[in-house]
Amino acid sequence: MKRTAAFLIASLLGLSLAQGVRSLGMGGVLLPGPSGQGANPAYAAFPGKWDQEGFQLPIGLLRLLPLFPDTSPFSYFTDPNAFRNQFDLLSAYDQASHLGSFLINPARSPDEVVFRVSASGVSITDGQGRSLMPSFQAGVVAERPTASIPQPFLPLSFDLGPGTYLSVGPFAGTQGVRVAPNQDLAMALKEGSLHRCQASTPSPCALEAQGSFISGISLALGFSTPLPDIPGLGRVYAGVRGEGFYGLGYAEASAKARPTFDQDGNVSGVSYESRYFLSYPSFLEASLGQGGSGVGYGLRGDVGVAVDGGNWAFGLGVQNLLGFTQWSGVEVTVVDGTETSRTATTKRGDFSAPIFTLNGAYRLPLEVGELLLAADTRFGATTPTLHLGAEYNLGGVAIRTGVGLEGGLRFGLGAGFNLEALSLDLALTTHEAPLVGGTVYGIAMAVRF
Amino acid sequence: MKRVSLLLVSLALAACSGHTIHRFEVDLLSFIPQNQRQGELNLITTEVFFPSDPAGQGVEVPGSEALVDGKLSLQVDLKNTGNLPCNLNLEVRLGPGNDTNLYDGQGGDFAALRQTVTLNPGEEQTVTLQLDIQPGTPTHDLIQSGRFRIGARLGLTGDKVQYTLTQAEVVLRLKLFNLIPNP
């Protein structure tokens, strides 16, 4: 269990720390500048006057201490009774996927789940009569591998000359997780009757789950340079980046659970069907023994352009404009606990699955202090997002706020303090609680010396 | 034989926590055909089973080791339509999943609830039987085994009575985290 938890933490770390605290305080908006070079390679050479960020402390790790039995799986080893009474897998998942924030009220499972079983069907409510529809999605669940890998964790960067850089680092993370009833089951649960689920065998009703996990070593070579000034516009920057990876592991799984019925039309059980694909280097075969040894690699090209107009800036980046990825391994199908097929398979990604990022900022000097307004949007082969943020700066103190749409609505509130020897950034973060809904609040912190 | 399965535990993805109680409410009445829920007992037909099969209604409870407590309830409307006072015996019986007759006292079946009612001619009465399923009781132990059968019998000593079964329900409360062993 310890190993599983450590694996989960490592895989989520890269994602959860992707946004700086200043950005979180502004609702998650992406400011123009070098911190955004992952989304737009032109920002590698962009001046850092817009997006100064400190080092974000992963204070969410505090909640993995057994002191917090609701989110710490390690409390199982220190206090099994506290674990049995207080541990909440949903809370633990919520905190692990937001390690940059200490969650004040992580998503909490309902205290009571009521299954009402009758001859006409099954209804699931939370004890207050509210229908529980198991539905959750994070990221985009791709049908095939993609060359858009998670951002490397603590990459090593080398300056190779004017505008040219090389970075290498490990990455790990999910490329999307989804749990949801299919249309027939959703309708049946809504109606409180499984009648429509008996229309055929196997039942058309199913609870579906999909997810993928990827890890490897990334090697990126980028070039970014300022172009000659354009009169009336400002300084233009352009950048390109090629990023390749060598895969250390890829897992993709989907599962369906369908109700089964006896001859009288009563629910008699659940039929499970799962399919998973595994790929890992051959040296891991001895310890994993799943027959999934193979090779995984990928390469993609990103391009971007950005403009610095003095009091304003904007950029457009395109990730994975061209890409290629391939994983060889084994695909296994299991039906009701019995393996029905095991086939050596090679999976390839799309040749092009572009993700567009458009962001900008405007600095407005006021009589007292200064106001910074910023916005960004992402669209294409990803979940569309939109963020709007503002920062009011007065001397050594900054106050920030913003809103964002990332599947659910989020807002941010933050402050920055310049204490001469160091700068401290704090942000109140919010996000939509997975599965159960509602707003989860957290605190994020960053320091800069 | 009809069976009710509670295997839809897998749908409880949003409730994997130590503080979550899973409550299963099984509406047994809905599994009894409408025409078997009401009728008349008389000198010829002196007893009736709910459901009509003596093997009763099978219930499967996966994860039943996590059973905390529960409740069993049955309600019948009775009316003496004869000319003589009568006695009615209402009994709820439980048995192991492989028992073929809940009413023969063999194979592990037993009476979980029992009540006798006396009705005068023309008198009507609603009889409600309720049993709290608590740890340490035979009912709790049987349900915790994972598969059990349940049925009810209404017997008449007298002239003529009309009956209508209006409620038959089992409520079980499970705490699935109790299944986690010690490290």
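Quick notes on the overall build of chain A
Now for step 1: Counting secondary structure elements, chain A contains seven helices and 20 strands.
Now for step 2: By the compact-globule yardstick of 22 Å for 449 residues, chain A fits well, its C-alpha radius of gyration being 24 Å.
Now for step 3: Expressed as lengths along the three principal axes of its C-alpha atoms, the size of chain A is roughly 80 × 50 × 45 Å.
Now for step 4: In chain A, which comprises 449 residues, the proportion classed as buried is 47%.
Now for step 5: Residue pairs at least 24 apart in sequence account for 61% of intrachain contacts in chain A once pairs closer than 6 positions are excluded.
Now for step 6: Carbon together with sulfur atoms contributes 63% to the accessible area of chain A, which is approximately 20,300 Å² in total.
Now for step 7: When the 27 basic and 35 acidic side-chain charges of chain A are each reduced to a single mean position, those positions are 2 Å apart.

Things to note about helix α6 (residues 183–191) of chain A
All names here are of chain A.
Now for step 1: Of the positions making up α6, those classed as buried are Leu185, Ala188 and Leu189. Down the axis, α6 shows its buried residues gathered within 95° of arc, on one side only. Exposed and oriented more than 90 degrees from the buried face of α6 are Gln183 and Lys190.

So, the pairing of strand β12 (residues 312–335) of chain A
Residues and elements named next belong to chain A.
Now for step 1: In terms of burial, β12 is largely enclosed, as 17 of its 24 residues are buried.
Now for step 2: Summarising the sheet, strand β11 (residues 296–308) and β12 pair through twelve bridges and their orientation is antiparallel. Pairing of glycine 296 across the sheet is with tryptophan 327, part of β12.
Now for step 3: Turn length for the β11-β12 hairpin, with the two strands adjacent in sequence and antiparallel, is three residues, and the turn residue glycine 310 shows positive phi of about 90°.

Observations regarding the state of the cysteines
Residue and element names in this part refer to chain A.
Now for step 1: Counted according to the given criterion, the structure contains one disulfide over all chains.
Now for step 2: Sulfur-sulfur distance for the disulfide between cysteine 197 and cysteine 205 comes to 1.9 Å. Here cysteine 197 and cysteine 205 share a disulfide; its torsion about the S-S bond, -85°, makes the bridge left-handed.
Now for step 3: Classification of cysteine 197 as buried rests on a relative accessible area of 0%.

Here's the deal with the nonpolar core
Now for step 1: One finds Leu72(B), Leu74(B), Leu78(B), Leu88(B), Ile150(B) and Leu154(B) to be the most contacted residues of the largest nonpolar core, which totals 57 residues.
Now for step 2: Considering each element in turn, this core owes the most residues, seven residues, to strand β11 (residues 161–174) of chain B.
Now for step 3: Beyond its immediate sequence surroundings of up to four residues, Leu74(B) is in contact with Leu90(B), Val92(B), Val127(B), Thr128(B), Leu129(B), Ala152(B), Leu165(B), Gln167(B) and Ala168(B).
Now for step 4: Of all hydrophobic cores here, the second largest spans 13 residues; its members include Phe46(A), Trp50(A), Ala306(A) and Ala313(A).

A short note on empty space enclosed by the protein
All names here are of chain B.
Now for step 1: The tally for this structure, following the rule as stated, stands at five cavities of 30 Å³ or more.
Now for step 2: The computed volume of the largest cavity comes to approximately 130 Å³.
Now for step 3: Around the largest cavity, the lining comprises 15 residues; the ones closest to its centre are Leu28, Phe50, Ile150, Gly151 and Ala168.
Now for step 4: Looking at the lining of the largest cavity, its residues break down into eleven nonpolar, three polar and one charged.

As for the confidence of the model for chain B
Residues and elements named next belong to chain B.
Now for step 1: Looking at chain B, pLDDT values average 86 and 92% of them are 70 or higher.
Now for step 2: Across chain B, element-level confidence peaks in strand β7 (residues 86–96) with a mean pLDDT of 94 and bottoms out in strand β1 (residues 3–5) with 39.
Now for step 3: Ignoring residues within four places in sequence, the model shows residues 1–14, a span with pLDDT below 50, making 67 contacts including any to other chains.

Topic: the side chain of Ser224(A)
Residues and elements named next belong to chain A.
Now for step 1: Residue placement: serine 224 occurs in strand β8 (residues 207–226).
Now for step 2: On the accessibility criterion, serine 224 (2% relative accessible area) is buried.
Now for step 3: A distance of 3.0 Å separates a polar atom in the side chain of serine 224 from the backbone oxygen of alanine 42.

Thoughts on the packing of aromatic side chains
Now for step 1: Per the stated rule, a full pass over the model turns up 19 aromatic pairs over all chains.
Now for step 2: Between the aromatic rings of Tyr76(A) and Phe77(A), the centroid separation amounts to 5.2 Å while the plane-to-plane angle is 75°, which identifies the pairing as edge-to-face.
Now for step 3: Under the relative-accessibility criterion, Tyr76(A) is labelled buried at 11%.
Now for step 4: Measuring from ring centre to ring centre gives 4.7 Å for Phe83(A) and Phe87(A), while their planes differ by 20°; the resulting arrangement is stacked.
Now for step 5: By relative accessible area, which is 3% here, Phe83(A) ends up buried.
Now for step 6: Classification of Phe87(A) as buried rests on a relative accessible area of 5%.
Now for step 7: Ring-pair connections join several aromatic residues into one group, and the members of that group are Tyr76(A), Phe77(A), Phe83(A), Phe87(A) and Phe177(B).
Now for step 8: Looking at Lys347(A), its charged tip hangs above the ring of Phe277(A), at a distance of 5.5 Å from the centre.
Now for step 9: Residue placement shows Arg363(A) over the ring face of Trp50(A); its charged tip is 4.5 Å from the ring centre.

A few points about unusual backbone geometry
Now for step 1: A cis amide bond, omega 0°, links Thr201(A) with the succeeding residue Pro202(A).
Now for step 2: With respect to the helices and strands, Pro202(A) occurs in the loop between α6 and β8.
Now for step 3: Here Phe50(B) and Pro51(B) are connected by a cis peptide whose omega angle stands at -10°.
Now for step 4: As for its position among the elements, Pro51(B) is in the loop between β4 (47–50) and β5 (57–60).

Focus: helix α5 (residues 89–96) of chain A
Residue and element names in this part refer to chain A.
Now for step 1: Across the eight residues that make up α5, a large majority, six, are buried.
Now for step 2: Those residues of α5 not exposed but buried are Leu90, Ser91, Ala92, Asp94, Gln95 and Ala96.
Now for step 3: The opening residue of α5 is aspartate 88, an N-cap whose side-chain oxygen sits 3.0 Å from the backbone nitrogen of leucine 90.

Notes on a nonpolar patch on the surface
All names here are of chain A.
Now for step 1: Where nonpolar side chains cluster on the molecular surface, the patch consists of Ile104, Leu386, Leu388, Val403, Leu405, Leu409, Phe411, Leu413, Tyr441 and Ile443 and spans about 850 Å² of accessible area.
Now for step 2: Of all elements in the fold, only β16 (385–394), β17 (397–406), β18 (408–418) and β20 (439–448) reach the threshold of two or more residues within the nonpolar patch.
Now for step 3: With three residues, β18 is the single largest residue contributor to the nonpolar patch.
Now for step 4: Tracing the backbone shows isoleucine 443 in strand β20.

Basis of the calculations
- Residues numbered from 1 in each chain as written.
- Chains lettered and ligands numbered in written order.
- Predicted model: local features only at pLDDT ≥ 70, side-chain atom pairs only at ≥ 80, totals over all residues.
- Heavy atoms only, no water.
- Helix = DSSP H or I, 4+ residues; strand = E, 2+ residues; numbered from the N terminus.
- Rg over C-alpha atoms; globule rule 2.2 N^0.38 Å.
- Buried < 20%, exposed > 50% of the residue type's maximum accessible area, 1.4 Å probe, protein only.
- Contact = heavy atoms within 4.5 Å.
- Areas by Shrake-Rupley, 256 points an atom, 1.4 Å probe, with all protein chains shown as cover.
- Lys, Arg positive; Asp, Glu negative; His and termini not counted.
- Charge placed at Lys NZ, Arg CZ, Asp CG, Glu CD.
- Arc of directions from axis to C-beta.
- Pairing = 2+ DSSP bridges.
- Disulfide = S-S within 2.5 Å.
- Core = buried A, V, L, I, M, F, W, Y, C linked by side-chain atoms within 4.5 Å.
- 1 Å grid on protein atoms, 1.4 Å probe; cavity = no way out; pocket = protein on both sides within 12 Å on 5 of 7 lines; lining within 4 Å.
- Points joined across faces, edges and corners; volume = space filled by probe spheres on them.
- Nonpolar A, V, L, I, M, F, W, Y, C, P; charged D, E, K, R; others polar.
- pLDDT = per-residue confidence, 0-100.
- Polar contact = N/O pair within 3.5 Å; in protein donor to acceptor, adjacent residues only side chain to side chain.
- Phe/Tyr/Trp six-rings, centres within 6.5 Å; stacked < 30°, edge-to-face > 60°.
- Lys NZ or Arg CZ within 6 Å of the ring centre and 35° of its normal.
- Patch = residues over 30% accessible without salt bridge, like charges linked within 9 Å, V, L, I, M, F, W, Y side chains within 5 Å.
- Salt bridge = Lys/Arg side-chain N within 4 Å of Asp/Glu carboxyl O.

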